[in-house]
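One letter stands for each residue in the lines below.
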Amino acid sequence: MMKFRFRRQGNDPQRDKIKQELFAFNKTVEHGFPHQPSALNFDPQLQLMAIGSKSGAVKIYGAPGVEFTGLHKDTAAVTQIHFLQGQVRQNHFLTSRVTVLLLLRSCDLLCVGTEGGGVHFLDLPCLSLRENQSLLLDQVMQSMPEDYRCGKSLGPVESLQEHPQLPGKILIGYSRGLVVLWDLSSRNAEHLFLGKQQLESLVWERSGSSFISSHSDGGYSVWAVASGNPYTHQPVSSTIPYGPFPCKAINKILWRTTRSGCPVVVYSGGMPRASYGDRHCVSIQQDKQHVTLDFTSRVIDFFTVHTTDPEHEYDDPSALVVLLEEELVVIDLLTPGWPSIPPPYLAPLHSSAITTSCHIDRVPAKLWDRLAIAGKSQGTHSPHRLSSSLSWPICGGKNLAPPPKQQDLLLTGHEDGTVRFWDVSGVALTPVYKLSTAHVFHTDCDLNDDPLDPRNDPDTQQEEEEWPPFRKVGCFDPYSDDPRLGIQKISLCKYSCRLVVAGTAGQVIVLGLSDERSDHMIDVSTVDLLQDLEGFTWKGHDRLEARANPTPFPPGFQPLVLVQALPPASVTAVTLHAEWNMVAFGTSHGFGLFDYHRRSVVLARYTLTSAAISIQSFRRIRKSRVSGKKRPLTTPTSKVQEANAALADQEEVAPVQRRIEPRSADDSLSGVVRCLCFADTYLRDGTHHGPTLWAGTNSGSVYAYALEVPGVCVGSGRVLGEGSVEAVLGKEIQLMHRAPVVSIAVLDGRGKPLPEPYQASLDLATAPDMSNTHSVLIASEEQLKVFSLPKVSAKTKFKLTAHEGCRVRRVAMVTMYSTAQEDYCENTLVCLTNLGDLHLFTVPALRPQVRYECIRKEDISGIASCVFTKSGQGFYLISPSEYERFSMSAKVTTEPLCSVQLDRPLESQSRLIYHTHTGIQKIGKKRTREPFGLSSPLLSSPLDSPLSMADISLDTTGDLTVEDVRDYLATVDEAENNLRNITEEEAHSPGILIN
């Protein structure tokens, strides 16, 4: 009898329409701080700030939610940015020969200073060079007195400044120290200031009667501008603030007048070379007030927000904005003490290196409010910390995006043992709360036992009677007290306010949310995963020692119990079921189950094979001795083998797929636990359901345990009485090809993912179907497979091997909502591969729906950091300090939607710039223009491939593994040949250059 092994289905127009209503891929916004910033500028009229980076990116920020992003097609550092007055457009000069730019207030002329000492003039907006108007070095030399020439070159042009009261007159400062007051109309040097110290920068005093120059010796000078003698040999005054010992150069200086009569002087550098030459500082002086802001990263540039209206007599600065290499700091200049202003965006995600992340959607209002209160108390608990009431000074544009319908959190774990909670409900990523786990343990850098003591706050550390008067400012801190504190996995129950944080040294901390400060002891329990296994010797780091005395904890998440895994290896998987009071965790040696309510160890199972033990111990124990004490490997059940074999016989390998070769079990990493899952399902038989725990390993093994939890209803309606929790091995599955298990999810009788703990009992989600057969979806690196329960018989599978070398890296279940029907949605399985592609499948049929190119295959850290949301969005790191946000849903997106009102002096008609992720529209001339020169990779075209969207997040971020590196190094030419080419127009969305 003839069998049809394949059924090639044609296109279904109805299904294609549904796909268009469900799926659409967009890269919508970038969260965090720009990587390697290189330029800064501020438009006081538009109240917009622009930041350029070394990669050629240009980002413009205004009020929270007002963001514009552009990217040069060629990677070239943006060295300077200048706003044309009243226009959202910048001039970028990327050549190294240009040293300084000056845009005149009239916006019709650009002055360009060069390394050779020449000054050239360009007409705007056409950027055409004015012929025979350039000021060359020879012309300046002729105006100098003979005794000043001395045969020395004047050097490059270091500064150009326009006279604040007399348009058309500019100051030209040369590196040697000469400053020339040049009249553009007469092309004549009106005055020469014969400085003798190497020049760094110039700034005018508001009235134009004097200017200030900063120098390489760490000093600054005030020069009077008077008519009469064309030469000035000496300044009115010279000051070396941190002298008399040799000091570093003052790179930039600002002089702002105030109504009080005492100017505010701001300058960078100038530190004593021998003592503090390595400090990154900006100093603020006004009369007797003097503060030296001490940063942890290099100062790129800074500006003040002040009055620019010519009718005002004084500058009256309100804020100082400092762009650093790793963060943005804003100082309130109106409040006594000059406190810092918390930024509503541009938060330094990488204040300590990010090690893991977790997304929580639809956060209950009660939890949100409690976290917000705890976060605010962290900024005010110290009596020495200054607080600012000044609103955010960069407030240009208008945010047109509607208020978010739900509140979402992004939790990031860091190398220093902190967990940071970020508000990702909208475009602006805002810090909400920070949890530190370092206070649970003794570390080498302990100051004292009280984390609330002001001496433990780096932002308030200031030595009394110290000169210079340093003040630590900013939150970027790349150093960790102990590398074992690093956070590896996070799990949060938003309904019970229970949080589990797992770290590098095998520590698993269960925390509860409290609104009050508490002083208490921390319960410590140890779980020996190897159970005194013979032949194994741990040669890694020691465990962290918990504090033995009562420890004070501030309001917020406070530790309830510390579970220490032995050996103290890094935790690779963790899951929490707050309704059962259970937490499960896994390492490279095995997995454990802990009842944190009864403080009891329920289960400890090692997953190391004999071969893995011998590999890890061969240096200290002979192989013969190890092999003599091998424990027999547990073989898969005969039913599973028969099911796998039967399914393999029923299907032939499709022409676009490759056969998967079995992997060797003799691998030192074979025991790594990759995923854990709690589920209320049928495991023992088809009539009684109950709590279960599932664990998947790197060697393709899946362990399923039936749990007897007191107080939890089982299948027959019987509720177990009091007692301890018990775990019994129900099933043990071994995948034929031993591919690492990436994710496990149990589906109910309707093929839907099970709800989260408390969702069904609190009527927040539809109760799962317990009347029909359940199934379990196991995603390995090689394929997706669905087994029926409780027989564990294979139902369907999909091999993700259409491209050579394609392996699953991240998996999540999401829910996709239709744009056409409010009440229609689909559960979708999303897979991210090592090639950076997103594949979306139906559940439980595993039918491919769409495929999108999301991350470059070379970006292995970006792939490893990807985390999905339950509504079809995702985040991944595009740099150590930035998350790229994307959406796979046609309905659910988070994107900038803002406007900027423009009044251009060179045009008679004002315009409204209207920005979304699909481009920029100009309302006023009733047309939309495709920009040129800049492009922004915000949109990407879909390719034929799988579905996207699911209900439960099966896996989030993880560590960079050996497999990730192997994927990058492996040859993927065949995969590239199979990928669909995307045109340049499709790959890049409209940019931000407005003409």
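Every value quoted in this text rests on a predicted model; they were computed, and no experiment measured them.

Observations regarding the UniProt feature "repeat: WD" (unreviewed entry) in the protein chain
Point 1. When the UniProt feature table is mapped onto this chain, "repeat: WD" (unreviewed entry) is found at residues 409–425.
Point 2. The annotated region residues 409–425 carries 0% helix and 71% strand content, and the separation between its end C-alpha atoms amounts to 7 Å.

Focus on the sheet that holds strand S50 (residues 741–747)
Point 1. Overall, antiparallel pairing links the four strands, which are arranged S50-S51-S52-S53 in an open sheet. Each edge of the open sheet is held by one strand with a lone partner, namely S50 and strand S53 (793–799). Averaged over all neighbouring strand pairs, the angle between strand axes comes to 15°, with direction disregarded.
Point 2. Here six bridges tie strand S52 (residues 783–788) to S53, and the two strands are oriented antiparallel to one another. Pairing of Ser 788 across the sheet is with Ser 793, part of S53.

So, the pairing of strand S57 (residues 848–853)
Point 1. Judged from the five bridges that link them, strand S56 (residues 837–842) and S57 form a sheet pairing that is antiparallel. Across the sheet, residue Leu 838 finds its bridge partner in S57, namely Tyr 852.
Point 2. The hairpin turn running from S56 into S57, its antiparallel successor, is five residues long, and Leu 846 in that turn takes a positive phi close to 60°.

Brief notes about the pairing of strand S14 (residues 178–183)
Within a regular strand, the side chains alternate between the two sheet faces.
Point 1. Among the six residues that make up S14, six are buried, leaving the element largely enclosed by the rest of the structure.
Point 2. In S14, alternate side chains face the same way, and those of Leu 178, Val 180 and Trp 182 on one face and Val 179, Leu 181 and Asp 183 on the other are all buried.
Point 3. Relative to S14, strand S13 (residues 169–174) runs antiparallel, the two being bridged by five bridges. Counted as the bridge partner of Ile 170 is Trp 182 from S14.
Point 4. Joining the antiparallel neighbours S13 and S14 is a turn of three residues, in which Gly 177 adopts a positive phi near 130°.
Point 5. Here S14 runs beside strand S15 (residues 188–194); their pairing, made up of six bridges, is antiparallel. Residue pairing for S15: Leu 178 is matched across the bridge by Leu 194.
Point 6. Count of turn residues in the S14/S15 antiparallel hairpin: four residues, of which Arg 187 carries a positive phi of about 50°.

Structural notes on the nonpolar core
Point 1. Core analysis: the largest hydrophobic core is formed by 33 residues, its most contacted members being Leu 371, Leu 409, Leu 411, Phe 421, Leu 435, Leu 499 and Phe 557.
Point 2. Here the element with the most residues in this core is helix H5 (residues 365–380); it accounts for four residues.
Point 3. In contact with Phe 421, other than residues within four places in its own chain, are Leu 371, Leu 409, Leu 410, Leu 411, Thr 430, Pro 431, Val 432, Tyr 433, Leu 435, Leu 492, Leu 499 and Phe 557.
Point 4. Judged by nonpolar contacts, the second largest core, of 25 residues, contains Val 100, Leu 154, Leu 160 and Val 180.

As for the packing of aromatic side chains
Point 1. Evaluation of the coordinates by the stated rule reveals 23 aromatic pairs.
Point 2. Seen in terms of ring centroids, Tyr 61 and Tyr 345 are 5.4 Å apart; in terms of plane orientation they differ by 15°. Their pairing is stacked. Here Tyr 61 is found in strand S4 (residues 57–61), whereas its partner Tyr 345 is found in the loop between strand S28 (340–341) and strand S29 (354–360), with 284 residues between them in sequence.
Point 3. What makes Tyr 61 buried here is its relative accessible area of 4%.
Point 4. For Tyr 345, a relative accessible area of 1% puts it in the buried group.

A look at unusual backbone geometry
Point 1. With omega at -5°, the peptide bond leading from Leu 566 into Pro 567 counts as cis.
Point 2. Within the secondary structure layout, Pro 567 lies in the loop between strand S41 (556–566) and strand S42 (573–577).
Point 3. Omega for the peptide link from Val 843 to Pro 844 comes to 5°, which places this bond in the cis form.
Point 4. In this fold, Pro 844 is placed in the loop between S56 and S57.
Point 5. Even without being glycine, Arg 187 reaches a positive phi, approximately 50°.
Point 6. Examined against the element boundaries, Arg 187 turns out to sit in the loop between S14 and S15.
Point 7. Positive phi, normally seen in glycine, also occurs at Asp 287, with a value near 55°.
Point 8. Turning to its location among the elements, Asp 287 is positioned in the loop between strand S23 (280–286) and strand S24 (289–295).
Point 9. Take Asp 287: its relative accessible area is 60%, and that puts it in the exposed class.

As for the confidence of the model for the protein chain
Point 1. Confidence in the prediction of the protein chain, expressed as mean pLDDT, is 82, and 78% of residues score 70 or more.
Point 2. Below pLDDT 50 for its whole length, residues 1–7 participates in six contacts with residues either more than four positions away or in separate chains.

So, the pattern of salt bridges
Point 1. Taken as a whole and assessed by the stated rule, the structure comprises 29 salt bridges.
Point 2. Residue Asp 595 is joined to Arg 598 by a salt bridge in which the shortest nitrogen-to-oxygen separation is 2.8 Å.
Point 3. For Asp 595, a relative accessible area of 0% puts it in the buried group.
Point 4. In this structure, Glu 858 engages Arg 856 in a salt bridge whose closest nitrogen and oxygen atoms are separated by 3.6 Å.
Point 5. You can call Glu 858 partly exposed: its relative accessible area is 35%.
Point 6. We classify Arg 856 as exposed; its relative accessible area is 55%.
Point 7. Within the structure, one salt-bridge network assembled from shared partners comprises Glu 30, Lys 59 and Glu 882.

Parameters at a glance
Residues numbered from 1 in each chain as written. Predicted model: local features only at pLDDT ≥ 70, side-chain atom pairs only at ≥ 80, totals over all residues. Heavy atoms only, no water. UniProt positions renumbered as here; feature names shortened; annotations may be inferred. Helix = DSSP H or I, 4+ residues; strand = E, 2+ residues; numbered from the N terminus. Pairing = 2+ DSSP bridges. Axes fitted to C-alpha atoms, helices over the stretch in contact; angles between N-to-C directions. Buried < 20%, exposed > 50% of the residue type's maximum accessible area, 1.4 Å probe, protein only. Core = buried A, V, L, I, M, F, W, Y, C linked by side-chain atoms within 4.5 Å. Contact = heavy atoms within 4.5 Å. Phe/Tyr/Trp six-rings, centres within 6.5 Å; stacked < 30°, edge-to-face > 60°. pLDDT = per-residue confidence, 0-100. Salt bridge = Lys/Arg side-chain N within 4 Å of Asp/Glu carboxyl O.

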